[in-house]
Amino acid sequence: MQRQPEPELMEGRQQVQAYAAADFGAGDAHTLGLLAGLIDRTGALPPTPTLVDLGCGPGNITLRLAKAFPEARVIGVDGSSEMLAVAEHRAKALALNVEFRCCDLRSLDGLRADLVSSNSLLHHLHQPDLLWRTTAVIAAPGCRVLHRDLRRPPTMDALDQLQQRHLSDAPSLLIRDFRASLAAAFEIQEVEDQLHEAGLGSWTVEPEDDRYLVVSGLVN
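Participant: What exactly am I supposed to notice about the pattern of salt bridges here?
Facilitator: If charged atoms from side chains of opposite charge come close, those side chains can pair. As enumerated under the stated definition, the model contains 12 salt bridges in all. One salt bridge connects Arg152 with Glu187, and the closest N-O pair in it is separated by 3.5 Å. Highlighted residues: Arg152 in the loop between β5 (139–150) and α6 (156–166) and Glu187 in the loop between α7 (172–184) and α8 (188–197), separated in sequence by 35 residues. On the basis of relative accessible area, Arg152 is assigned to the buried category, the value being 8%. Taken together, the shared-partner salt bridges connect Arg165, Asp209, Asp210 and Arg211 into one network.

Here you go:
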């Protein structure tokens, strides 16, 4: 199935509210578990690390990072001011010290991160190499990297099956966006090719369950 790009940003009020109301808790907790496993395998973070969550949306992963690493500087980055308004409200309600930046990924040159993560960002990007270049630019030596995203099914029939399996009775807007995101996602080989092109071929790309892929590694 050919890739069908979707809009890069989620800025509509109705769309943002639908995502803020949806329960992604299991997937978010799983992503934090993957990050914890990466740190276990590669050694402890610095005493006061900088953690950057790219494409943070309403802050699901960002806030979990702030809870798990209270000594860290935690920064959530997104291009949607509507999404970040939700994230900031949630952080304030939880009394979490999180910095949110509404900006393009190209505007992060001054950061130096000890961990860079994203969850379901890659498939939104019209220029996917921007994620890899940005990660490499803002990474401090030894930075841990973990990017989790959907992967594109091989056929429309397979896409239909995934939607029925995982989102059969969700609100119509979430079903529409889930289908569009699957169609906009990348295959594992495509991501491996992107990493090699960016000089990051040492990072691993692994399939996860029936619809995700996980990119992880270190920046030396």
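Participant: Would you take a moment to explain unusual backbone geometry for this structure?
Facilitator: Glycine aside, residues mostly have negative phi, and peptide bonds are mostly found in the trans state. At Ala95, a position not held by glycine, the phi torsion is positive, near 55 degrees. Looking at the element boundaries, Ala95 is found in the loop between α4 (81–93) and β3 (98–102). The backbone of Asp209 sits at a positive phi, close to 45 degrees, despite the residue not being glycine. Following the sequence through the fold, Asp209 ends up in the loop between β6 (204–208) and β7 (212–219). Among the residues examined, Asp209 registers a relative accessible area of 47% and is labelled partly exposed.

Participant: Help me out: how do you make sense of the packing of aromatic side chains in this one?
Facilitator: Aromatic ring pairs are reported here in terms of the distance separating the ring centres and the angle at which the planes meet. Throughout the structure, instances matching the rule amount to one aromatic pair. Summarising the aromatic geometry, the rings of Trp132 and Trp203 are spaced 6.3 Å apart at their centres and angled 75 degrees between planes, so their arrangement reads as edge-to-face. Of this pair, Trp132 sits in helix α5 (residues 129–138) while Trp203 sits in the loop between α8 and β6; the two residues are 71 residues apart in sequence, bridging distant segments of the chain. Above the ring of Tyr212, the side-chain terminus of Arg148 is found at 3.8 Å from the ring centroid.

Calculation notes
- Residues numbered from 1 in each chain as written.
- Predicted model: local features only at pLDDT ≥ 70, side-chain atom pairs only at ≥ 80, totals over all residues.
- Heavy atoms only, no water.
- Salt bridge = Lys/Arg side-chain N within 4 Å of Asp/Glu carboxyl O.
- Helix = DSSP H or I, 4+ residues; strand = E, 2+ residues; numbered from the N terminus.
- Buried < 20%, exposed > 50% of the residue type's maximum accessible area, 1.4 Å probe, protein only.
- Phe/Tyr/Trp six-rings, centres within 6.5 Å; stacked < 30°, edge-to-face > 60°.
- Lys NZ or Arg CZ within 6 Å of the ring centre and 35° of its normal.

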